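Architecture at a glance
Here is how the chains run, residue by residue.
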Amino acid sequence: METNLRKRVRAGDHDAFGELFDAYARSVYNHAFRLTGEWATAQDVVSLTFLDAWRLRDRVDEDGGSLRPWLLGIATNVTRNTRRAARRHAAAVARLPRDETVDDFADEIAGRLDDSARLTLVRTALAKLRRAEREVLALCVWSGLDYAAAAEALGIPVGTVRSRLSRARTKLAKHVRDAELPQTHGQMRGDRGRAVRPLREGNR
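All values derive from a computational prediction rather than experimental measurement.

Below, the discussion takes up the overall build of the chain. A tally of regular secondary structure across the chain gives eleven helices and zero strands. Tracing the chain from N to C terminus, the helices and strands come up as α-α-α-α-α-α-α-α-α-α-α. Here the chain, with 204 residues, has 38% of them falling under the buried criterion. In the chain, the share of contacts with a sequence separation of at least 24, taken over all contacts with a separation of at least 6, comes to 69%. Put simply, the chain shows about 12200 Å² of open surface, and 49% of that area lies on carbon and sulfur atoms.

This part covers the nonpolar core. Counting 48 residues, the largest nonpolar core has V9, L20, W70, L71 and L137 as the members making the most contacts within it. Where this core is concerned, the elements lending two or more residues are α1 (2–10), α2 (14–36), α3 (39–55), α4 (68–94), α6 (117–127), α7 (131–142), α8 (147–154) and α9 (158–178). A total of eleven residues in this core trace back to one element, the largest contributor, which is α2. Every residue in contact with L137, bar those within four places of it in the chain, is listed here: L126, L129, W142, L165, A168, R169 and L172.

With respect to the helices and strands, R55 occurs in helix α3. Linking R55 and G12, residues 43 residues apart in sequence, is a C-alpha distance of 9.5 Å.

Moving on: the packing of α7 against α8. Closest axis-to-axis distance for the α7/α8 pair is 9 Å, and the angle between their directions is 135°. Comparing the axis directions of α7 and α8 gives the class oblique. Considering how the two elements wind past one another, α7 and α8 form a crossing that is right-handed. Residue-level contacts link E135, V136, L139 and C140 of α7 to Y147, A150, A153 and L154 of α8. For the contact of α7 with α8, the residue count by class is seven nonpolar, no polar and one charged.

This part takes up the packing of aromatic side chains. Describing an aromatic ring pair means giving the distance of the ring centres and the angle of the ring planes. Counted according to the given criterion, the structure contains three aromatic pairs. With centroids separated by 4.0 Å and ring planes inclined at 10°, the aromatic side chains of F33 and W39 adopt a geometry described as stacked. Accessibility expressed as a relative area gives 12% for F33, which makes it buried. The cationic tip of R57 hangs over the ring face of W54; the distance from NZ or CZ to the ring centre is 4.0 Å.

A word on α3. Each turn of an α-helix holds 3.6 residues, which means side chains three or four residues apart point in the same direction. With 17 residues, α3 extends 25 Å between its outermost C-alpha atoms, agreeing within 8% with the 24 Å of an ideal straight helix rising 1.5 Å per residue. By the burial criterion, the buried members of α3 are T41, A42, V45, V46, T49, F50 and A53. Along the long axis of α3, the arc covered by the buried residues comes to 165°, so they all point the same way. Across α3 from its buried face, at more than 90 degrees, point the exposed residues L51 and R55.

Another point: the pattern of salt bridges. Side chains that differ in sign of charge can pair as their charged atoms come close. Inspection of the entire model under this criterion finds seven salt bridges. Between R8 and D13 there is a salt bridge, with the nearest N and O atoms lying 3.3 Å from each other. Its salt-bridge partner being E133, residue K171 comes within 3.0 Å of it at the nearest N-O pair. Of this pair, K171 sits in helix α9 while E133 sits in helix α7, and the two are 38 residues apart along the sequence. The exposure class assigned to K171 is partly exposed, which follows from its relative accessible area of 29%. Using a relative accessible area of 2% as the deciding quantity, one classes E133 as buried. The structure contains a network of salt bridges with shared partners spanning R8, D13 and E19.

What counts and how
- Residues numbered from 1 in each chain as written.
- Predicted model: local features only at pLDDT ≥ 70, side-chain atom pairs only at ≥ 80, totals over all residues.
- Heavy atoms only, no water.
- Helix = DSSP H or I, 4+ residues; strand = E, 2+ residues; numbered from the N terminus.
- Buried < 20%, exposed > 50% of the residue type's maximum accessible area, 1.4 Å probe, protein only.
- Contact = heavy atoms within 4.5 Å.
- Areas by Shrake-Rupley, 256 points an atom, 1.4 Å probe, with all protein chains shown as cover.
- Core = buried A, V, L, I, M, F, W, Y, C linked by side-chain atoms within 4.5 Å.
- Axes fitted to C-alpha atoms, helices over the stretch in contact; angles between N-to-C directions.
- Parallel < 35°, antiparallel > 145°, perpendicular 65-115°, else oblique.
- Left-handed = near helix turned anticlockwise from the far one by under 90°.
- Nonpolar A, V, L, I, M, F, W, Y, C, P; charged D, E, K, R; others polar.
- Phe/Tyr/Trp six-rings, centres within 6.5 Å; stacked < 30°, edge-to-face > 60°.
- Lys NZ or Arg CZ within 6 Å of the ring centre and 35° of its normal.
- Expected span 1.5 Å × (residues − 1).
- Arc of directions from axis to C-beta.
- Salt bridge = Lys/Arg side-chain N within 4 Å of Asp/Glu carboxyl O.

What follows is the structure in structure tokens.
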């Protein structure tokens, strides 16, 4: 079935791309959110990922397994580009005259995320990892790709995936363990293990 879908995607079959979206849009969204921590940005990444997938469809091999690693690899690149664009935009806004009014959506985004102390804790720890480590962690731990699939998605050797994932897990555990939790940390302490427990998606 996947081989047939690959052939149809490569051929530019619009129905095939509809099936591809239905099958993997949720995985792409989850991956993007884990890398950015922003709901709206993750939605943009999904749209851009499937636009890029259409543009790059002739690179799909007709033989092979699931197209999920290919899509997550595209999503990773899109996320990098989106974050670079956001940094350039922020720098441009910072150069504007102070008396100009510039809409700031940071409070809105923060409000959506602050409803979960555990999410905040993990996001803070993730932010301390290197980008390459975050990407491997998101693909292998949360998206459930094996080493080979993650290597395919990122275009790097399997051994590099292994070493990055090992470093990421070690650093993440240390950051979460060392984090100072507010309020009744005795109660929160019991949540720490659940906060970093892998949330695997089903591999389709």
